[in-house]
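The primary structure of each chain is shown beneath.
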Amino acid sequence: MSYTTDNIKNVSIAGHGGSGKTTLFERLLFAGSVIAKPETVESGKTVSDYTGEEIDRKISIHTALGHVDIKDKKLNFFDTPGSSDFTGDVILSFRASEFGLLVIDGRSGVQIETIKLWRNLEGREKPRGFFINKLDDEKADYDHSLADIKEKFKCEPVPVTIPMGKGAAYRGVIDVLNGKAYSAGDGVEAASPIPDDCKAAYEAAREKLIEAAAEGDDTLMEKYIDQGSLSPEEMHTGLIEALAEHKFVPSFAGSAVKNSGVVPLIDFIADAGPSPLTAKDTITGPDGELSKVPIDPAKPLAALVIKTAYDQFSGKLSWIKIINGKLGADSEATNVSENKKERIGKIYICQGKKLEEVRELNAGDVGIITKSATLRTNDTITGGDASFTFMPLRLPEPVHSVAVNALAKKDEDKLGESLVRAAEEDKTFRYNFNAETRETVISGMGELQINIILDKIRTGQKIELETRIPRIAYRETIQKKAGAEYTHKKQTGGHGQYGKVVMEIAPLPRGENYQFVNAIFGGAIPKNYIPGVEKGVVEGMAHGTMAHYPVVDVEVKITDGKYHPVDSSELSFKLAARNAFRDAMKQATPTLLEPIMNLTVFVEEKYLGDVMSDLSGKRGKIHGQDAVGGIAEIRAEVPHAELLRYSIDLRSITSGTGSFSVGFAHYAPISGRIAEDVIKSREGFKVTETEE
Ligand SMILES: Nc1nc2c(ncn2[C@@H]2O[C@H](COP(=O)(O)OP(=O)(O)OP(=O)(O)O)[C@@H](O)[C@H]2O)c(=O)[nH]1
Ligand SMILES: [Mg+2]
């Protein structure tokens, strides 16, 4: 059946790796009677970790979607991966949901990935809440987790459910909103009266929840001040409003493995979870202007492709979030982004990999179109003649790169096609052929992501691949002025070749690249040969005299020359200029330049010292440092050559908790041993240049 917009809720389950998201998702489906028996992640049979790579590794790698139909509502849940390598899939689920539920491991409190995800949700102004999990564990500490949330996020989480008992004595949760207790156990939780020994904790929590509800609505606040209490219905109304306005951050307690805290969570989301109707979506108009539009079922169809996946059985799957109107099966739509018509055939919703056909999807809902002809992630589909497009996903830049090639030349095409597909499926993954270093370089969020993609290509395509650390794009430049002259003279059968070029070269400030100055007076080189001279200079700069790297930041001034009325040609001047440039460069104290990157590292404060000393060993210059809630942010400039394996190094220094971002900063000179090694590594490099 199809649900109307006001009866749809979209929830992203996100949080640090291993906090229990997939287990919670499985228990939500169990409590919602979608599955008869919940499976464990270890069994490899959960609904949401269904791909081969997830079953092998026992972690989530892709975002999975499922839904619980309850109280005439459809609750869509996204189970997202926790590792920062797969952050692209988490962000796409944030884009498509109205509520971010951050799962906290009750044994460790707030972990670093969760902090990054909170910031992302904050940037999107999405309502968010917490599920404090694993409270059955001996090492779990509910109060510490709650205090940690307060400190790290500078927010006041208000418990909607609270735990009964601790560790081995953990018994279940109290639903503070509805005044019921739920005991942990193998079956779906059933409500019971609140035990006497928990009544005091319940009363105290209820007081806070009523206050939070009153904050959401002025008339409720007056009533609360007058009467000192609110009815459950009034509390719902107040909490819905407070949540939509970010005044209220709900927290839930539970144990996913013990099926505990799941039913009251479902109840809360069904009754008070943010509705798509309160969400605003950003669109880019035809003139490039940004504006915000509400999700609206009454407008003509407009939808966004949030994800593309390739399935062994169903082929291409395009995940669609409907923003306006409705999407019907067997209809025509326009793919505005590609400027093409798209025939919509069957449409589906899903429980993990299991597709369920539906006739239509209303605004706010998320579904899947299979085998589409034109759809790509981030495309906008419309039914009318709207010309706007929805804002594409904003994703972090890749931080880890490797060079790859197929071992057998004949497999290069297969590799190329697989890389195109991988980049379509995961927008944080890129590939690019670097003509300068003659390598295919693939980049992503970390070693794990890259290895998983390469493994999938190896086994799926049955090809052998070879990977290397990518070559660095060094440059060469000069440090002082110099001059040179060169005469190109050749006597062949017919016409000879003749051209003489006199030039001066001088260093330019860093980043200015190249300037060509024609300072010839009196026609020593006729005007029509000047383009040939410049071509020669450009060719000379393509391969410097130290290690054949491109030359940058040089001014080249042509001061004099000589021509021959019969034998001169553009080619003669080109060859003369190229050689004159190389001769001049040798006199101008050439030096190698290396790329320097801007690096920002996020680590728990306890690792700060180790990270700093590692960076100084990597020739890094620290520019700044901040710390918020136990997380340090370090900004530094570090040579690219030192960062090629940084995602691996940082992982080992910080036990996998640190993360970083990088971007190109500038080029800087290198000398001594480092330069000698670079020069040595280029021995035998062949330059192909025309002599004719
Ligand atoms: N004791 C205890 N263990 C739990 C609980 N929930 C999950 N676990 C265990 O924690 C481990 C990780 O659980 P997952 O559900 O895979 O965690 P996740 O957050 O989905 O992990 P990623 O998707 O890889 O980020 C598994 O061994 C679970 O059995 C819980 O409530 N209590
Ligand atoms: Mg998972």
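Predicted model, so just to flag it, every value in this text is computed and none were measured. (Residues numbered from 1 in each chain as written. Chains lettered and ligands numbered in written order. Predicted model: local features only at pLDDT ≥ 70, side-chain atom pairs only at ≥ 80, totals over all residues. Heavy atoms only, no water.)

Taken together, 19 residues surround ligand 1, and among them Lys21, Thr23, Glu42, Ser60 and Asp136 come closest. Measuring from an oxygen atom of ligand 1, one finds a side-chain N or O atom of Thr23 at 2.5 Å. In the environment of ligand 1, an oxygen atom lies 3.1 Å from a nitrogen or oxygen atom belonging to the side chain of Lys134. Within the complex, the protein chains bury 85% of what would otherwise be the 650 Å² of accessible surface of ligand 1. For the shell around ligand 1, the element with the most residues is helix H1 (residues 21-31), which contributes three residues. Class assignment for the residues of the shell around ligand 1 results in four nonpolar, 10 polar and five charged. (Near = heavy atom within 4 Å. Polar contact = N/O pair within 3.5 Å; in protein donor to acceptor, adjacent residues only side chain to side chain. Areas by Shrake-Rupley, 256 points an atom, 1.4 Å probe, with all protein chains shown as cover. Helix = DSSP H or I, 4+ residues; strand = E, 2+ residues; numbered from the N terminus. Nonpolar A, V, L, I, M, F, W, Y, C, P; charged D, E, K, R; others polar.)

Let us now look at unusual backbone geometry. Positioned with a positive phi, Lys154 is a non-glycine residue whose angle comes to about 45°. On the basis of relative accessible area, Lys154 is assigned to the exposed category, the value being 63%. (Buried < 20%, exposed > 50% of the residue type's maximum accessible area, 1.4 Å probe, protein only.)

Running from amino to carboxyl end, helix H10 (residues 412-425) crosses helix H11 (residues 447-461) at an angle of 130°, the nearest separation of the two axes being 11 Å. Classified by the interaxial angle, the pair formed by H10 and H11 is oblique. Judged by the twist between their axes, the crossing of H10 over H11 is right-handed. Each of Lys414, Leu415, Ser418, Leu419, Ala422 and Glu425 in H10 lies in contact with H11, whose residues at this interface are Ile453, Lys456, Ile457 and Gln461. Along the lines of polarity and charge, the residues of the contact of H10 with H11 split into five nonpolar, two polar and three charged. (Axes fitted to C-alpha atoms, helices over the stretch in contact; angles between N-to-C directions. Parallel < 35°, antiparallel > 145°, perpendicular 65-115°, else oblique. Left-handed = near helix turned anticlockwise from the far one by under 90°. Contact = heavy atoms within 4.5 Å.)

Turning next to the domain arrangement of the protein. Domain parsing of the protein yields domain 1 (5-196 + 248-278), domain 2 (280-390), domain 3 (400-468), domain 4 (476-588) and domain 5 (592-679). The C-alpha centroid of domain 2 is placed 27 Å from the C-alpha centroid of domain 1. Buried surface at the junction of domain 1 and domain 2, both sides included, amounts to about 2000 Å², of which 53% is carbon and sulfur. Our enumeration of links across domain 1 and domain 2 arrives at three salt bridges. Counting the contacts that link domain 1 with domain 2 gives 10 residue pairs in polar contact (both at pLDDT 80 or more). When residues of the side of domain 1 that touches domain 2 are traced back to their parent elements, those giving at least two are strand S1 (8-14), strand S2 (64-70), strand S3 (73-79) and helix H3 (87-96). (Domains from an automatic or database assignment. Buried area = accessible area lost by both parts, 1.4 Å probe. Salt bridge = Lys/Arg side-chain N within 4 Å of Asp/Glu carboxyl O.)

This part is about the pattern of salt bridges. Taken as a whole and assessed by the stated rule, the structure comprises 43 salt bridges. Close ionic contact of Asp197 with Arg171 constitutes a salt bridge, the shortest N to O distance being 3.0 Å. Here the residue Asp197 occupies a position in the loop between strand S10 (191-192) and helix H6 (199-215), and Arg171 occupies one in the loop between strand S7 (161-164) and strand S8 (172-175), the gap between them amounting to 26 residues. For Asp197, a relative accessible area of 57% gives the class exposed. Note that Lys456 and Glu425 form a salt bridge whose closest N and O atoms lie 3.8 Å from each other. Linking Lys456 in helix H11 with Glu425 in helix H10, this pair joins segments that are 31 residues apart in sequence.

With that out of the way, let us pick up the sheet that holds strand S9 (residues 180-183). Strand order in the open sheet formed by four strands is S7-S8-S9-S10, with antiparallel pairing between adjacent strands. Each having just a single partner strand, S7 and S10 make up the two edges of the open sheet. When S9 meets S10, the two strands line up antiparallel, connected through two bridges. By the bridge assignment, Tyr182 is partnered in S10 with Ala191. Lying over the sheet, helix H9 (residues 262-272) contacts S7, S8 and S9, oriented at roughly 135° with respect to S9. (Pairing = 2+ DSSP bridges.)

Read from one edge of the open sheet, four strands run S30-S31-S33-S32, paired in mixed fashion. Only two strands of the sheet have a single partner each, and these edge strands are strand S30 (482-490) and strand S32 (514-518). Taking the axes of each pair of neighbouring strands and ignoring which way they run, one obtains an average angle of 25° across the sheet. Relative to strand S33 (residues 554-562), S32 runs parallel, the two sharing five bridges. Its bridge partner lying in S33, Phe516 is registered against Val556. Strands in contact with helix H12 (residues 530-542) are strand S31 (497-507), S32 and S33; relative to S32, the strand with the most contacts, it is inclined by about 150°. Along the sheet, helix H13 (residues 570-587) contacts S30, S31 and S33; its crossing angle with S31, the most-contacted strand, is approximately 35°.

With that settled, the discussion passes to the side chain of Asp553. Topologically, Asp553 is positioned in the loop between H12 and S33. Residue contacts for Asp553: discarding those within four places in its chain leaves Thr477, Ala506, Pro507, Leu508, Pro509, Arg510, Gly511, Glu512, Asn513, Tyr514 and Leu593.

With that settled, the discussion passes to the environment of His623. Tracing the backbone through its elements, the reader meets His623 in strand S35 (residues 621-628). In this structure His623 comes out as exposed when scored by relative accessible area, which is 52%. In sequence terms His623 and Glu207 are 416 residues apart; their C-alpha atoms lie 48 Å from each other. Sequence-distant contacts of His623, that is, excluding residues within four places in its chain, are made with Arg635, Ala636 and Glu637. Of the polar contacts made by the side chain of His623, one reaches the side chain of Glu637; its length is 3.4 Å.

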